[in-house]
Amino acid sequence: FDEIAADIARLQSKGRVRIIKPYVAATAWLEDRKKGLVEMVKEGHQNDPLGEGLPSASLASRMKLPTEVFEEIVTSLVNEKKLIRSGALIRSADFKPVLNVNQQEASEKIMALFAANPFAPPSRGELVSQNPAYADVIKYLKDHKNLVELTDGILFRPQDFQAIREKIAGFLKANGPATVSQIREMLGTSRKYVLPVLGRLDEEGFTKRDGDLRSLR
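For every chain, the first residue of the written sequence is number 1, and numbering continues from 1 onward in sequence order. Residues qualify for local features only when their pLDDT is at least 70, as the model is predicted, and side-chain atom pairs are given and counted only at 80 or more; totals for whole chains, interfaces and linings, by contrast, use all residues. Excluded from the side-chain calculations are hydrogens and water; all other atoms, namely the structure's heavy atoms, are used.

What follows is about the packing of aromatic side chains. Pairing of aromatic rings covers Phe, Tyr and Trp, the last through its six-membered ring, and needs centres within 6.5 Å; plane angles under 30 degrees mean stacked, over 60 mean edge-to-face, and all others mean tilted. Using the criterion set out here, one finds 2 aromatic pairs in the structure. An angle of 40 degrees between the planes, with centres 6.4 Å apart, marks the rings of F156 and F161 as tilted. For F156, a relative accessible area of 1% puts it in the buried group. Whether a residue is buried, partly exposed or exposed follows from its accessible area with a 1.4 Å probe, protein chains only, as a fraction of its type maximum: under 20%, in between, or over 50%, in that order. On the accessibility criterion, F161 (7% relative accessible area) is buried. Through pairs of rings, three or more aromatic residues link up here, namely F156, F161 and Y193. Placement of a charge over a ring requires the Lys NZ or Arg CZ to be within 6 Å of the ring centre, with the centre-to-atom vector within 35 degrees of the ring normal. Directly above the ring of F206 sits R165, whose terminal nitrogen or CZ lies 4.8 Å from the centroid.

This is how it looks when you write it as structure tokens:
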């Protein structure tokens, strides 16, 4: 055992092996696995050009490596600025989601609908029912802060949600606590939109609910 430990120490001093407890891995083998992971991530981006990255657990499973070794490889590539880890997702350091020509056209159509109906825009479900391909574009628009999603798939452009917030604030300041119906009438829209909006404002601590009434915090 002492001879084996001495051999490992000698190889380690020459940079030929790495100790990743409880494993000992050849440096050349690790470098080969690192290249494989980089290529695997790039391939994933090609298959999902709008995705934010690949699940770490999925990559680890495909590489069939012990957790300790996989984590060492990822950490090394992150330190080398070849990969970026964001929560449970891993992506190439130079990767940026990009819409293709058809998706860009779809994005423009979607945003035109929101510009035409700022306080009563189509929901996620309504858009996807028109064209299932819109689902990926909506995700892209959300990820890039072009759309805000509330409960029940209700979507707004950020500037429209802010305008609604300001209208509600002005109304409550001027009139005191109000019901959902009163706020709905003031906005000139339906409960379909008002309830998710008030729910989000309650969550943010902007408004508070007391029975049937909403007031500013």
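Anyway, onward from the coordinates.
So, on to the sheet that holds strand β10 (residues 213–216). Backbone hydrogen bonds hold the strands of a sheet together, and the pairing may be parallel or antiparallel. Spatially, the 3 strands line up as an open sheet ordered β8-β10-β9, and their pairing is antiparallel. Strands at the two margins of the open sheet, each flanked by one partner only, are β8 (178–179) and β9 (207–210). Across 4 bridges, β9 lies against β10 in antiparallel orientation. In the sheet register, T207 faces β10, and the bridge partner there is L216. Strand pairing is assigned whenever DSSP identifies at least 2 bridges connecting the two strands. Helix numbers and strand numbers start at the N terminus; a helix is a DSSP run of H or I with at least 4 residues, a strand a run of E with at least 2.

Our focus in this paragraph is unusual backbone geometry. Cis geometry is adopted by the peptide bond preceding P22, which originates at K21 and carries an omega value of 5 degrees. Mapped onto the elements of the fold, P22 is located in the loop between β1 (17–20) and β2 (23–26). Of note in the backbone geometry, K64 takes a positive phi value of approximately 55 degrees without being a glycine. With respect to the secondary-structure elements, K64 resides in the loop between α3 (56–63) and α4 (67–79).

Each salt bridge in this description consists of a side-chain nitrogen of Lys or Arg and a carboxyl oxygen of Asp or Glu lying within 4 Å of one another. In total, this model carries 15 salt bridges according to the counting rule given. With its nearest N and O atoms 2.6 Å apart, the salt bridge here joins E149 to K142.

A separate point is the sheet that holds strand β5 (residues 89–92). Strands sit in the order β3-β5-β4 across an open sheet of 3 strands; the sheet is antiparallel. In this open sheet, the two edge strands, each paired with only one partner strand, are β3 (54–55) and β4 (83–86). In this sheet, β5 lies alongside β4 in antiparallel orientation, the contact comprising 4 bridges. Note on β5: the bridge partner recorded for S86 is L89. Residue contacts are counted whenever heavy atoms from the two residues lie within 4.5 Å of one another. All axes are obtained by fitting lines to C-alpha atoms, using only the stretch in contact for helices, and the reported angles, taken between N-to-C directions, cover 0 to 180 degrees. Lying on the sheet, helix α2 (residues 27–47) is in contact with β3, β4 and β5; it crosses β5 at an angle near 90 degrees.

Time to look at empty space enclosed by the protein. Grid points spaced at 1 Å over the protein atoms alone were grouped into cavities, where a 1.4 Å probe fits but cannot get out, and pockets, open sets with protein on both sides within 12 Å along at least five of seven lines, with lining residues defined by an atom within 4 Å of a point. Grid points are joined across faces, edges and corners, and a volume is the space filled by probe spheres set on the points. By the definition in use, this model includes 1 cavity of 30 Å³ or more. Approximately 30 Å³ is the volume attributed to the largest cavity. Taken together, R18, L30, E31, K34, E72, I73 and S76 make up the lining of the largest cavity. Put simply, the parts of the chain that give the lining of the largest cavity at least two residues each are α2 and α4.

By the secondary structure assignment, S107 is in helix α5 (residues 101–116). Judged by its relative accessible area of 7%, S107 is buried. For the pair S107 and L11, spaced 96 residues apart in sequence, the C-alpha to C-alpha distance is 56 Å. Apart from the residues lying within four places of it in its own chain, the contact partners of S107 are L99, V137 and L141.

Within the secondary structure, S76 is located in helix α4. In protein, a polar contact requires one atom able to donate a hydrogen and another able to accept it; more generally it is a pair of N or O atoms within 3.5 Å, and residues adjacent in sequence count only if both atoms are side-chain atoms. Looking at S76, its side chain comes within polar contact range of the side chain of K34, at 3.0 Å.

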